[in-house]
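For reference, the chains in residue letters:
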Amino acid sequence: MKNLIFKFFITALFLSSSAIILQNVNAQLIDSSVPASTNINQNDCPCIMPDNSVVFRVKSQNAQQIQIDLGKKYDMVKGADDMWTVRTEPIEPGFHYYFLVIDGIPVADPASNSFYGTGRMTSGIEIPEPGVDFYSIKNVPHGAMSSKYYFSDVTNSWRRLYVYTPPGYDKSIEKKYPVVYLQHGGGEDETGWVRQGKADVILDNLIAEGKAEPMIVVIANGNIASGMRGYSSEAMTGFKQEMLHNIVPFIDKNFRTKANAENRAISGLSMGGGQSFYVGLENLDVFSSVGIFSSGIFGGIRTNTGSTFDAESEIPGLLSKAGEFNQKLNLLYISCGEADMRIDHTKTAVAKMREEGLKVKFNTFPGDHEWQVWRKSLHDFIQRVFK
């Protein structure tokens, strides 16, 4: 414990010093580049070049080494006026977390907005994808994303969730709406789908295009410990109680919902996909649609290496009584990134489910375990649910 406190003190002391030596750069953009939309100052770098490589710049007099960590580390070079610069390789389109690494210590880049998504706050950069605009703000009617607090008798604490209400919700005061409960992944919280995922913009655009039913979307904090790790019904006990006994009743009480299973869906990415698998399929009297995006429940992650996913043992009857599940399920949707290490395991699980007669909608998208895949998964799922 003493070593942990000492390490924290040294890190805090270093970061305090870094606040002095790091300076925001107020300079001309590099020729032919565009500023990242995630920049704090749109006249500064990070600058995206035509080939999707990125130029990073930071001014520091005292640092001995500065790197950019984008999953791969790039060494920055110190030039005139204490300006450190690097140009990366071309970066895949989408949203990416990154760190400045100053003399071996990762910190957030003062030039970029920060996001909670790696178990801590970190910088993020958005690389545009040509021809993809479903998560871009457009001249359409916009819904509202509101922050709400509720008391949890599971954690004995106040907790926050976000609620998206569709355009016209405040005007059509008699109308009731179906609800999608949308969960984040591990190392994230309820802000993930709001900020990185752009869920409200995706919904606005789909509703305006007539491709989605106007609906309420609830984004809750799924970080609830149950004393067990990994994917199992037992490990999800705390979250199941939270969702069924606190979150759903809170939403039905405070919003105009169609309060029945037919008009409720639960979905999520990665960890949230595993939560949706158990909570949704074990409670088809509460939810009639389940969406599972890039979940490691089927295999492909360290915690279940060597084990084989058995849908029947995880959800008794899911395969042996597939017909009964089909009658209760309006939609079972599964997706995964084509470069995700979970992809082959997911395909095998889906094939087995279909072989046993369970109806599954399955889709894949270019990319790894990342937000661009999850945005596309949500975009696809929302067009299929409540139909």
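Here, every reference points to the structure presented above.
Residues numbered from 1 in each chain as written. Predicted model: local features only at pLDDT ≥ 70, side-chain atom pairs only at ≥ 80, totals over all residues. Heavy atoms only, no water.

Caption draft 1: Representation of the state of the cysteines. Scanning the entire structure with this criterion turns up one disulfide. Disulfide pairing places C45 opposite C47 at an S-S distance of 1.8 Å. The sign of the S-S torsion, about -90°, decides the handedness of the disulfide formed by C45 and C47: left-handed. Exposure class is identical for C45 and C47. Each is buried. (Disulfide = S-S within 2.5 Å. Buried < 20%, exposed > 50% of the residue type's maximum accessible area, 1.4 Å probe, protein only.)

Caption draft 2: Fine view of the sheet that holds strand β17 (residues 264-269). An order of β13-β14-β16-β15-β17-β18-β19-β20 is seen for the eight strands of this open sheet, with the pairing classed as mixed. In this open sheet, the two strands that pair with only one neighbour each are β13 (144-152) and β20 (361-365). For this sheet, the mean angle separating the axes of adjacent strands, direction not counted, is 20°. As defined by bridge partners, β13 adjoins strand β14 (residues 157-165) across nine bridges and the pair is classed as antiparallel. The residue of β14 that forms the bridge with Y150 is R159. In the packing of helix α9 (residues 371-384) onto the sheet, contacts are made with β15 (179-183), β17, β18 (289-293), β19 (331-337) and β20, and the angle to β19 comes to roughly 160°. (Pairing = 2+ DSSP bridges. Helix = DSSP H or I, 4+ residues; strand = E, 2+ residues; numbered from the N terminus. Axes fitted to C-alpha atoms, helices over the stretch in contact; angles between N-to-C directions. Contact = heavy atoms within 4.5 Å.)

Caption draft 3: Region of the structure containing the environment of I173. Looking at where I173 falls in the secondary structure, it is placed in the loop between β14 and β15. As a C-alpha pair, I173 and R256 span 83 residues in sequence and 8.3 Å in three-dimensional space.

Caption draft 4: The pattern of salt bridges, seen in detail. As enumerated under the stated definition, the model contains 15 salt bridges in all. The partner of R87 in a salt bridge is D51, with the nearest N and O atoms 3.5 Å apart. Of this pair, R87 sits in strand β8 (residues 83-87) while D51 sits in the loop between β3 (47-48) and β4 (54-60), and the two are 36 residues apart along the sequence. Its relative accessible area of 46% is what places R87 among the partly exposed residues. The exposure class assigned to D51 is partly exposed, which follows from its relative accessible area of 38%. For R264, the salt bridge identified is with D252, shortest N-O distance 2.8 Å. (Salt bridge = Lys/Arg side-chain N within 4 Å of Asp/Glu carboxyl O.)

Keep in mind these values describe shape, not function.
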